[in-house]
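Chain by chain, the residues:
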Amino acid sequence: MNAERKRQKRHEKRVMKLAKKRQKEEKKAAKASGVRRSASALSFSNSAVGTVKGGKKGKSTNEKKRFARIFVTALAAFLVVLIPAAFAINGFLETSPFKGGLNLGQGEEVKFEVLVDPESPFFAEFSDSERINILLMGVNPPLTDVLMLGSFDPETKHVDIISIPRDTYYYRPGYAETDYAQFKINAAYRGDPLNTAKAVSDVLCGIPINYYAVVEYDDIRKIVDEMGGVPMYLEKDMNYDDEWDNPPLHIHLKAGQQTLSGDDSVKFLRFRKGYAEGDIGRIKAQQVWMKNAMSQAIDYGILKVADVAFKEIDSNLTYKAILSLGTKALGIEAENITTYTMPNTPQPEPPWYVYPKQAEIEDMLREIYSIKPDTTSEGAISGSAIEDGQTEQ
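In every chain, residue numbers begin from 1 and rise along the written sequence. For a predicted model such as this one, the threshold for reporting local features is a pLDDT of at least 70, and the threshold for listing and counting side-chain atom pairs is 80 or more; totals across whole chains, interfaces and linings nevertheless cover every residue. Heavy atoms throughout the structure, all of them, feed into the side-chain values; hydrogens and water do not.

(A) Broad picture of a negative patch on the surface. Any residue with relative accessible area above 30% and no salt bridge may belong to a patch, with like charges joined within 9 Å and the nonpolar Val, Leu, Ile, Met, Phe, Trp and Tyr side chains within 5 Å. Accessible surface area values rest on a Shrake-Rupley calculation with a 1.4 Å probe, where residue burial reflects the displayed protein chains alone. The salt bridge definition used is simple: a Lys or Arg side-chain nitrogen within 4 Å of an Asp or Glu carboxyl oxygen. Here Asp and Glu are counted as negative and Lys and Arg as positive; His is not counted, and neither are the chain ends. Every charge is mapped to an atom, namely NZ of Lys, CZ of Arg, CG of Asp or CD of Glu. Side chains of E125, D128, E130 and E155 sit close together on the surface and give a patch of like negative charge. Mapping E155 onto the fold places it in the loop between β2 (143-153) and β3 (158-163). On the accessibility criterion, E155 (72% relative accessible area) is exposed. The numbering of helices and of strands both runs from the N terminus, where a helix is a DSSP run of H or I of at least 4 residues and a strand a run of E of at least 2. Per-residue accessibility, obtained with a 1.4 Å probe over protein chains only, is compared with the maximum for each type, and a residue is labelled buried under 20%, exposed over 50%, and partly exposed between these values.

This is the structure in structure tokens:
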């Protein structure tokens, strides 16, 4: 028997008791006055009994009032607690799990239009595309030592990686013409990833850059060691010493198949002097390392690698963006990665600028955005032509 029914029973007993008491009093009064019991007593009694018989109706009314009170209370709780909580959750999703976590552009949200030149020959294609572009910057402060733009197509689950040579010529006003180093794209960084993002977007026909990731060599060491190293085949010994570097750099890697540790991976990526094609040869080697590292990360477990990356890498990727990217990237395979080098003409003498070849860059971007890997332009160097685990010298 529920509490409501118990209260109803108690009410019935009180009414009946009151009616009987009233009847006794009226009988006494009638005997004293010799008058029959008044009709009013019957009227009272009948009304009381009617109240008892109408208990179910009263119960229904009480239940409706009780439901209304509960509904209003719940609605108030939703308005006062749940809606602010929803905004708090959304605010949390807009934060970044990475150690830096600033939005691109000094803490301000970067709008799509900021990084896409309306005069770009591909403005319409860039605007309509669902591709997600992430700029990876390998930094040796205050310069960028490695520049790669990863372009992910969520529909085909294909990733295209474009390497931009660090010596790419990029004019920046405010510097003397003889200050040659300032007109290389690696000098644009100066501690602000937005500077490099704008420079890369400019040389790649205004391509949109949605996110960035800044990686220092110590970050690479920790991430590679977490996933057990990166398998690589070195065709020849790699030896280089630089006592003037801080700290001094000593590279001594033997030829052959091996698994590069975090420290050896950094040495491999920093090695520059032994490639017949100079910086272009170095880029090819870095692309092979990148593909092998991504394959190793997939095999080891992306989530475990990401846990370390969150602690080490500076990026404007938010929790919401990571969840979205992670969902869209489910099922991606290492074979779905194609690497390119920005088509260029290298300068054969100091200051060794690498000049972008505009027409062939456009050809490369047409290929990437239409996903036609069989029509690579002559200037675009496709990493698919390099066997996994090997470098071209």
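(B) How the structure looks around the pairing of strand β4 (residues 211-216). Here, strands pair whenever DSSP counts at least two bridges between them. Examined bridge by bridge, strand β1 (residues 132-140) and β4 share 6 bridges and lie parallel to one another. Pairing of V139 across the sheet is with E216, part of β4. With 2 bridges joining them, β4 and strand β9 (residues 314-315) adopt antiparallel strand pairing. Bridge pairing links V214 to D314 in β9.

(C) Representation of the packing of helix α7 (residues 262-270) against helix α8 (residues 279-300). A fitted line through C-alpha atoms represents every axis, and for helices the fit uses only the stretch in contact; the resulting angles, taken between N-to-C directions, go from 0 to 180 degrees. The geometry of α7 relative to α8 is characterised by a closest axis approach of 9 Å and an angle of 150° between their N-to-C directions. Relative to α8, the element α7 is oriented roughly antiparallel. Where α7 abuts α8, its residues S265, F268, L269 and R270 lie against R282, A285, Q286 and W289. Gly falls in the polar group here, along with every residue not listed as nonpolar (Ala, Val, Leu, Ile, Met, Phe, Trp, Tyr, Cys, Pro) or charged (Asp, Glu, Lys, Arg). Looking at the contact of α7 with α8, its residues break down into 4 nonpolar, 2 polar and 2 charged. The scheme is simple: roughly parallel for angles under 35 degrees, roughly antiparallel for over 145, roughly perpendicular for 65 to 115, oblique for anything else. The contact rule is simple, with two residues in contact once any of their heavy atoms fall within 4.5 Å.

(D) Region of interest: helix α9 (residues 302-312). Among the residues making up α9, those that are buried are V305, A306, V308, A309 and E312. Relative to the axis of α9, the buried residues are bounded by an arc of 165° and lie together on one face. More than 90 degrees from the buried face of α9, the exposed residues found are L303 and K311. Where α9 is buried, its residues touch α6 (217-226), α8 and β9. Regarding the arc, it is the one traced by the directions from the helix axis to the C-beta atoms.

(E) Structural view of the sheet that holds β1. Pairing in this open sheet of 6 strands is mixed, and the strands run β9-β4-β1-β2-β3-β10 from one edge to the other. Single-partner strands in this sheet number two, and they are β9 and β10 (337-341). Strands β1, β2 and β4 of the sheet are contacted by α6, whose axis makes an angle of about 90° with β4.

(F) Just the confidence of the model for the protein, in detail. pLDDT is defined as a per-residue confidence score from the predictor, taking values between 0 and 100. Per-residue pLDDT for the protein averages 75, and the proportion of residues at 70 or more is 65%. Note that pLDDT drops below 50 for residues 371-393; the model gives that stretch 58 contacts with residues more than four away or on any other chain.

(G) Geometry of the packing of aromatic side chains. Centres within 6.5 Å are what make two rings of Phe, Tyr or Trp a pair, Trp counting through its six-membered ring; a difference in plane orientation under 30 degrees is then read as stacked, over 60 as edge-to-face, and the rest as tilted. The final tally for this structure, using the stated rule, is 9 aromatic pairs. Judged by centre distance (6.0 Å) and plane angle (70°), the rings of Y353 and Y355 are edge-to-face. With a relative accessible area of 6%, Y353 lands in the buried category. Residue classification places Y355 among the partly exposed residues on the basis of a relative accessible area of 33%. Three or more aromatic residues joined by ring pairs make a cluster, and in this case those are Y169, Y171, Y175, F183, Y353 and Y355. When the NZ atom of lysine or the CZ atom of arginine is within 6 Å of a ring's centre and also within 35 degrees of its normal, the charge is said to sit over that ring. Across from the ring centre of Y369, 5.3 Å away, lies the NZ or CZ of R131, which sits over that ring.

(H) Examining the pattern of salt bridges more closely. Within the structure shown, the criterion is met by 17 salt bridges. The partner of R282 in a salt bridge is D279, with the nearest N and O atoms 3.9 Å apart. Here D279 and R282 lie together in helix α8, a separation of 3 residues that amounts to about one turn. For the pair shown, R282 and D279 are each scored as buried. Note that E362 is salt-bridged to R366, the shortest N-O span being 3.7 Å. Of this pair, E362 and R366 both sit in helix α11 (residues 358-370), 4 residues apart, which is roughly one turn of the helix. Classification of E362 by relative accessible area gives buried; the value is 18%. In this structure R366 comes out as partly exposed when scored by relative accessible area, which is 41%.

(I) Spotlight on the nonpolar core. Here, nonpolar core means buried Ala, Val, Leu, Ile, Met, Phe, Trp, Tyr and Cys residues that are tied together by side-chain atoms lying within 4.5 Å of each other. Ranked by size, the top nonpolar core spans 40 residues in total, and within it I220, M227, V230, M232, M238, F268 and W289 carry the most contacts. Top element by residues in this core is α8. It accounts for 6 residues. Setting aside anything within four residues of it in sequence, one finds I220 in contact with V215, V266, L269 and W289. Counting 30 residues, the second-largest nonpolar core is a separate cluster that includes F122, L135, I209 and Y340.

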